[in-house]
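The chain contents come next:
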Amino acid sequence: MYKILKLKTVTLFFAMLSLVNSQTFAESVANFETDIINQYYKTSLTDRYENDGINQEVASKVANFIEKNSQSFEYPFKNLLDKNLLLLNYSPDRKLKFYTFNISAGGSMREFESYVQFKQGNKVITHALNDGGFIKAIRQTQLNNVPTYLISKTYIGSGCEGQYAIQATQIKNAQYKSVNVFKTKTKALDQINIHYDCNYYPKNIEPFDMDRLYIRVSADLQKIDILVIKPSGELTQNYLRYQKNNNNYQYIGTVK
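Owing to the predicted nature of the structure, the values given are computational and were not obtained by experimental measurement.

How each quantity is defined
Residues numbered from 1 in each chain as written. Predicted model: local features only at pLDDT ≥ 70, side-chain atom pairs only at ≥ 80, totals over all residues. Heavy atoms only, no water. Salt bridge = Lys/Arg side-chain N within 4 Å of Asp/Glu carboxyl O. Helix = DSSP H or I, 4+ residues; strand = E, 2+ residues; numbered from the N terminus. Core = buried A, V, L, I, M, F, W, Y, C linked by side-chain atoms within 4.5 Å. Buried < 20%, exposed > 50% of the residue type's maximum accessible area, 1.4 Å probe, protein only. Contact = heavy atoms within 4.5 Å. pLDDT = per-residue confidence, 0-100. Phe/Tyr/Trp six-rings, centres within 6.5 Å; stacked < 30°, edge-to-face > 60°. Pairing = 2+ DSSP bridges. Polar contact = N/O pair within 3.5 Å; in protein donor to acceptor, adjacent residues only side chain to side chain.

Brief notes about the pattern of salt bridges
Okay, so step 1: Considering all chains together, one arrives at 7 salt bridges under this definition.
Okay, so step 2: Across the pair Asp82 and Lys78 runs a salt bridge, and its minimum N-O distance is 2.9 Å. Taken as a pair, Asp82 and Lys78 lie in helix 3 (residues 78-82) at a separation of 4 residues, close to a single helical turn.
Okay, so step 3: Among the charged side chains, a salt-bridge network with shared partners connects Arg216, Asp225 and Arg241.

So this is what it looks like as structure tokens:
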């Protein structure tokens, strides 16, 4: 009887210790978030914000913090989101958390810096993404019986030109990697990019939703259609269709 009570006491002690540690960790992240806002938010409202590289400082400090503090994976960073100092995206299974920062340094070209976090056992891994796109949405499917994430991104080259993209990624051997799942007639791609020119935007679609016109993804993720654009930049009504099978997305032809 004494051993049972002792065991229960020890279990209760560690449970309370875990709760205290969780609260302490949450407070430390919240304090960090408050410090970032107090230091940078007013600066971000001035004309010199981008030219002085303040947004890059914010990105670097947050990235350094989340890499060293695994509790950041569970923290929503609501205040940084409200101040537009950070954008977060989650995979549908909530196993991937994407941090995106605007690190533009003035002018109409927009630059972004992103990081992804995910768990491997009890460890949280933070991985830098170096392709510079603005992450807009994450979709999830299964290929080769492996969770596969379809990342919708926008690259902004100027006020009117850039690219829309869809990228396929997986977690392999505790690493976040792009995977060649888009099968064309001649090769396999991990990402499909399509150039846009706002001078050819249809009048009946809001610019923020334009990526859905250029790259159509069916609700069941069985079909991905890529808009055909003439060399002049004029849009057509035709799409290159990629059909999902067990292993990849195979190009099958042109559709309307």
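After presenting the structure, the write-up continues.
Structural notes on the nonpolar core
Okay, so step 1: Within the largest apolar cluster, 26 residues are counted, with the highest numbers of intra-cluster contacts made by Phe182, Tyr214, Ile215, Ile224 and Tyr249.
Okay, so step 2: Taken together, the elements giving at least two residues each to this core come down to strand 7 (161-172), strand 11 (191-197), helix 4 (210-214), strand 12 (215-217), strand 13 (223-229), strand 14 (235-244) and strand 15 (249-255).
Okay, so step 3: Among all residues touching Tyr214, those that are not within four sequence positions of it are Tyr164, Ile194, His195, Tyr196, Asp197, Tyr201, Asp225, Ile226, Leu227, Ile229, Leu235 and Tyr239.
Okay, so step 4: If you look at the next biggest cluster of nonpolar residues, it comprises 22 residues, including Phe32, Ile36, Leu88 and Tyr99.

What about the confidence of the model for the chain?
Okay, so step 1: Residues of the chain with pLDDT of at least 70 account for 87%, and the chain-wide mean is 88.
Okay, so step 2: Across residues 9-24, confidence stays below pLDDT 50; counting only partners more than four residues off in sequence or on other chains, it has 0 contacts.

A word on the packing of aromatic side chains
Okay, so step 1: Applying the stated criterion to the full structure yields 13 aromatic pairs.
Okay, so step 2: For the ring pair Tyr75 and Phe77, a centre distance of 4.9 Å and an interplane angle of 85 degrees mean the geometry is edge-to-face.
Okay, so step 3: Note on Tyr75: relative accessible area 16%, which makes it buried.
Okay, so step 4: A relative accessible area of 0% means that Phe77 is categorised as buried.

Quick notes on the sheet that holds strand 13
Okay, so step 1: Judged by pairing direction, the sheet is mixed, and its 6 strands sit side by side in the order 10-9-15-14-13-12 without closing on themselves. This sheet does not close on itself; its edge strands, each paired only once, are strand 10 (188-189) and strand 12.
Okay, so step 2: Note that strand 14 and strand 15 share 6 bridges and pair antiparallel. Looking at strand 15, one finds that Arg241 is bridged to Gly253.

Notes on the pairing of strand 13
Here is the key point about a regular strand: its side chains alternate between the two faces of the sheet.
Okay, so step 1: Of the strand pairs in this sheet, strand 12 and strand 13 are connected by 3 bridges, and their pairing is antiparallel. Pairing of Arg216 across the sheet is with Asp225, part of strand 13.
Okay, so step 2: Where strand 12 folds back onto strand 13 in an antiparallel hairpin, the turn is made up of 5 residues, including Leu221, whose phi is positive at roughly 65 degrees.
Okay, so step 3: Note that strand 13 and strand 14 share 6 bridges and pair antiparallel. Looking at strand 14, one finds that Lys223 is bridged to Gln243.
Okay, so step 4: In this antiparallel pair of consecutive strands, strand 13 and strand 14, the connection spans 5 residues, and Gly233 shows a positive phi of 105 degrees.

Examining the side chain of Thr126
Okay, so step 1: When you line up the elements, Thr126 lands in strand 4 (residues 123-129).
Okay, so step 2: A polar side-chain atom of Thr126 sits 3.3 Å from a polar atom in the side chain of Gln117.
Okay, so step 3: Once residues within four sequence positions are removed from consideration, Thr126 is found in contact with Ile66, Glu67, Tyr115, Val116 and Gln117.

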